[in-house]
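Understanding the architecture of this molecule
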Amino acid sequence: MLDISQTGLFASAFLSATLLPMGSEAVLAALLLRGGSPVTLVLIATVANVLGSLVNYAMGYWANQGWLARQKPGIMARAEQRFRRYGRWSLLLSWVPIIGDPLTLIAGVLRVNLFWFLLLVTCGKALRYIVLSMLIL
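First things first, this report covers the structure right here in the doc. If you're wondering where the values come from, they're calculated on a predicted model, not measured in any experiment.

With that settled, the discussion passes to the overall build of the chain. When helices and strands are tallied, the chain shows 7 helices and 0 strands. At 15 Å, the chain has a C-alpha radius of gyration in line with the 14 Å of a compact globule built from 137 residues. Here the C-alpha coordinates of the chain stretch approximately 45 × 25 × 25 Å along the principal axes. Here the chain holds 137 residues, and 40% of them are scored as buried. Here the contacts in the chain between residues at least 6 apart in sequence split such that 76% fall between residues at least 24 apart. Within the structure as shown, the chain displays about 7,600 Å² of accessible surface, and the carbon and sulfur contribution to it stands at 71%. Computing the positive centroid from 11 side-chain charges and the negative centroid from 4, the chain places the two 10 Å apart.

Shown next as structure tokens:
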């Protein structure tokens, strides 16, 4: 069972992976500096962040293409261009601010295999939280 601070980390990591402009790094840093278990906190943040990315994937998968084209067209166009250029491997960059969330949405639009989506997004996001934790500690 998650305690209140871990629940806060889960919520911030989940929401920061959606198209909402949020971040989870400050919450993770605060909990690490308070003596929280790095393994537990990285695991919670990673799972929540991947689940948030899965929301983006689902939105893209079931999106109305006309509506989607009107949403942040410049960012979406760049994300789709990068995605088409590098393929599914670009999902390793799903943690990068500004382009990461649109990449996960585009993956849904382009119907990327869900296994590959989850594997690559999890690897990228876990590595980000591991490196961030090491830098903080």
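Read on, since the account is not over.
Turning next to unusual backbone geometry. Unusually for a residue other than glycine, Ile-98 sits at a positive phi of about 75 degrees. Examined against the element boundaries, Ile-98 turns out to sit in the loop between α5 (73–86) and α6 (100–109). One non-glycine residue, Arg-111, lies in positive phi territory at about 60 degrees. Relative to the elements of secondary structure, Arg-111 occurs in the loop between α6 and α7 (114–136). In this structure Arg-111 comes out as partly exposed when scored by relative accessible area, which is 45%.

It is characteristic of soluble globular proteins that their nonpolar side chains tend to be buried jointly. If you look at the biggest cluster of nonpolar residues, it comprises 13 residues, and the most contacted ones within it are Phe-83, Leu-91, Ala-107, Val-112 and Phe-117. Secondary structure elements with two or more residues in this core: α3 (38–61), α5, α6 and α7. Not counting residues within four places of it along the chain, the set of residues in contact with Leu-91 comprises Phe-83, Leu-103, Thr-104, Ala-107, Val-112, Phe-117, Leu-120 and Val-121. One finds Leu-9, Ala-13, Leu-31 and Ile-44 within the second-largest nonpolar core, a separate group that totals 11 residues.

Bringing α7 into the picture now. With 23 residues, α7 extends 32 Å between its outermost C-alpha atoms, agreeing within 8% with the 33 Å of an ideal straight helix rising 1.5 Å per residue. What α7 keeps buried is the set Phe-117, Leu-120, Val-121, Gly-124, Lys-125, Ala-126, Arg-128, Tyr-129 and Ser-133. On the buried face of α7, the contacting elements are α1 (4–17), α2 (25–33), α3 and α6. Sitting at the head of α7, Asn-113 places a side-chain oxygen 2.9 Å from the backbone nitrogen of Phe-115.

About the criteria used
Residues numbered from 1 in each chain as written. Predicted model: local features only at pLDDT ≥ 70, side-chain atom pairs only at ≥ 80, totals over all residues. Heavy atoms only, no water. Helix = DSSP H or I, 4+ residues; strand = E, 2+ residues; numbered from the N terminus. Rg over C-alpha atoms; globule rule 2.2 N^0.38 Å. Buried < 20%, exposed > 50% of the residue type's maximum accessible area, 1.4 Å probe, protein only. Contact = heavy atoms within 4.5 Å. Areas by Shrake-Rupley, 256 points an atom, 1.4 Å probe, with all protein chains shown as cover. Lys, Arg positive; Asp, Glu negative; His and termini not counted. Charge placed at Lys NZ, Arg CZ, Asp CG, Glu CD. Core = buried A, V, L, I, M, F, W, Y, C linked by side-chain atoms within 4.5 Å. Expected span 1.5 Å × (residues − 1). Polar contact = N/O pair within 3.5 Å; in protein donor to acceptor, adjacent residues only side chain to side chain.

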